[in-house]
Amino acid sequence: MARLDVTEIFDGITFPGHLHTQDSLRYAVDFKFEDTDTLIVTYPKSGTTWMQEMVTLVSCRGDPLKTQTQPNWARAPWLEQYYCPEVLKASQGPRVLTTHLPYHLLSTALQGSKAKVIYVSRNPKDVAVSYYHFHKMAKFLPEPGPFSHFLSDFVEGAVHYGSWFDQVKGWSSNAGNIQNFLCITYEEMWQDLRGSLQRVSSFLQCPLLEEELTSAEKGCSFSTMRENSMVNYTLVPEEIMDHSKGTFMRKGKIGDWVNTFSEQQSLRFDDVFASKMADSSLKFVWQN
Ligand code: A3P
């Protein structure tokens, strides 16, 4: 593993160097997808871990054994992180992969593929707040300083994994170029978890009985996941995540950005949002 303070730059985007190398990023770009693969795509802090849990529970027909015994990164590894090839070599059955990469880096690899792609997005104001708190505890991310500084960097895309705006526009506006694509938001999952699980199960062509659905719903509730060491990141050693500075399963709410953003920051963010998204016709649930 590389040093925690190393940054990897690939295609103009910065990545934490303890998990990413030039080789691992190249591996992702050149990846050979299989038609049976499921790929979970998110910008960080948008509900990645939650969707990993939903996909696992749906595939296991609500049986929590796998989610309670195998860490999320071992059952749905990040394609661009250095350990991915080893995890895949050791795994059996249909593969579940995760990525934070922008669409343009995976467009060639996905061309003509029947792999199932699930894209999860979240209100960017809540993403910014969640990411800010994550920077405080994750020692592989730069010290964020005051929220106002972090927010400026976030808006400029000067954070690891690049611009939220570019990532969301890239994937959402290319939905028609991906054969099997499901777009869902954190807000929809939060407002209707059971309905969201049904959408995922029908997309994965894995229909669940009512009691299996109920068990899956319980397994991916915030309260269950917060206590589950396989997904709450308490397995990650203190030198990589300082658990005294916060918890990974922090609040799990929608619209909680109001408790961090000032009115001025919110208005400025709305202006930036309008101008950066002006070239797209995308409309999101959090805009209603
Ligand atoms: P908060 O920091 O706002 O609490 P990611 O997995 O993409 O890094 O996203 C982490 C965010 O998803 C955190 O948000 C975390 O609490 C939230 N989250 C994870 N599981 C959740 C669940 N079951 N229900 C609601 N929110 C969840």
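Source: prediction; values computed, not measured. (Residues numbered from 1 in each chain as written. Predicted model: local features only at pLDDT ≥ 70, side-chain atom pairs only at ≥ 80, totals over all residues. Heavy atoms only, no water.)

(A) Highlighting helix α1 (residues 22-29). All of the buried residues along α1 are S24, L25, A28 and V29. With its buried residues spanning 140 degrees around the axis, α1 presents them on a single face. Residues of α1 that are buried sit in contact with β1 (7-10), β2 (13-16) and α6 (103-110). (Buried < 20%, exposed > 50% of the residue type's maximum accessible area, 1.4 Å probe, protein only. Helix = DSSP H or I, 4+ residues; strand = E, 2+ residues; numbered from the N terminus. Arc of directions from axis to C-beta. Contact = heavy atoms within 4.5 Å.)

(B) Up close: the environment of Y119. Structurally, Y119 is set in strand β5 (residues 116-121). Sequence spacing of Y119 and P44 is 75 residues, and the spatial spacing of their C-alpha atoms is 12 Å. Y119 has contacts with V41, T42, Q167, V168, W171, S172, F181, L182, C183 and I184, leaving out every residue within four places of it along the chain.

(C) Representation of the confidence of the model for the protein. Summary statistics for the protein give a mean pLDDT of 96 and a share of 99% for residues scoring 70 or more. Reported confidences for the modelled complex are a pTM of 0.97 and an ipTM of 0.99. (pLDDT = per-residue confidence, 0-100.)

(D) The arrangement of the pairing of strand β4 (residues 96-99) in detail. Here β4 shows a buried face lined by V96 and T98 and a second buried face lined by L97 and T99. The sheet contact formed by strand β3 (residues 38-42) and β4 spans four bridges and is parallel. Bridge pairing in β4 links V41 to T99. (Pairing = 2+ DSSP bridges.)

(E) Spotlight on the site of the ligand. The local shell around the ligand holds 18 residues, among which T48, T49, S130, Y186 and K251 are the closest. The contact in question runs from an oxygen atom of the ligand to an N or O atom on the side chain of T48, over 2.5 Å. Starting from 570 Å² of accessible surface for the ligand in isolation, the protein chains cover 97%. Where the shell around the ligand is concerned, the elements lending two or more residues are α2 (48-59) and α13 (222-227). Take the shell around the ligand: its biggest share by element is three residues, from α2. Here the residues of the shell around the ligand sort into seven nonpolar, seven polar and four charged. (Near = heavy atom within 4 Å. Polar contact = N/O pair within 3.5 Å; in protein donor to acceptor, adjacent residues only side chain to side chain. Areas by Shrake-Rupley, 256 points an atom, 1.4 Å probe, with all protein chains shown as cover. Nonpolar A, V, L, I, M, F, W, Y, C, P; charged D, E, K, R; others polar.)

(F) Spatial organisation of the pattern of salt bridges. Under the counting rule described, the total for this entry stands at 13 salt bridges. Of the charged contacts, one joins E212 and R61 as a salt bridge, the two residues approaching to 3.2 Å between their closest N and O atoms. Remark: R61 occurs in the loop between α2 and α3 (65-69) and E212 occurs in helix α12 (residues 210-219); sequence separation between them is 151 residues. A residue is classified by how much of its surface remains accessible, and R61, at 39% relative accessible area, is partly exposed. (Salt bridge = Lys/Arg side-chain N within 4 Å of Asp/Glu carboxyl O.)

(G) Region of the structure containing helix α7 (residues 124-137). When the terminal C-alpha atoms of α7 are compared, their 20 Å separation across 14 residues agrees well with the 20 Å that a helix rising 1.5 Å per residue should span. Most of α7 is tucked away: twelve of the 14 residues are buried. Considered for burial, the residues of α7 that qualify are P124, K125, D126, V127, A128, V129, S130, Y131, Y132, F134, H135 and M137. For α7, the secondary structure elements touched by its buried residues are α8 (147-156), α9 (164-173), α10 (186-191) and α14 (263-276). Here α7 starts with a cap whose side-chain oxygen sits 3.0 Å from the backbone nitrogen of K125, and that cap is N123. (Expected span 1.5 Å × (residues − 1).)

(H) Here's a closer look at the packing of α7 against α8. At a minimum axis distance of 10 Å, the contact between α7 and α8 shows a crossing angle of 120 degrees. Taken as axis vectors, α7 and α8 run oblique relative to one another. Remark: the crossing between α7 and α8 carries right-handed chirality. Where α7 approaches α8, its residues P124, V127, A128, V129, Y131, Y132 and H135 are matched on the opposing element by F147, F150, L151 and F154. When grouped by side-chain class, the residues that make up the contact of α7 with α8 number ten nonpolar, one polar and no charged. (Axes fitted to C-alpha atoms, helices over the stretch in contact; angles between N-to-C directions. Parallel < 35°, antiparallel > 145°, perpendicular 65-115°, else oblique. Left-handed = near helix turned anticlockwise from the far one by under 90°.)

(I) Molecular detail of the nonpolar core. One finds M51, I118, W164 and W171 to be the most contacted residues of the largest nonpolar core, which totals 92 residues. Broken down by element, the residue count for this core peaks at seven residues, all from α7. Filtering out sequence-adjacent residues up to four positions away, I118 remains in contact with T38, L39, I40, V41, M51, V55, L182, I184, V200, F203 and L204. (Core = buried A, V, L, I, M, F, W, Y, C linked by side-chain atoms within 4.5 Å.)

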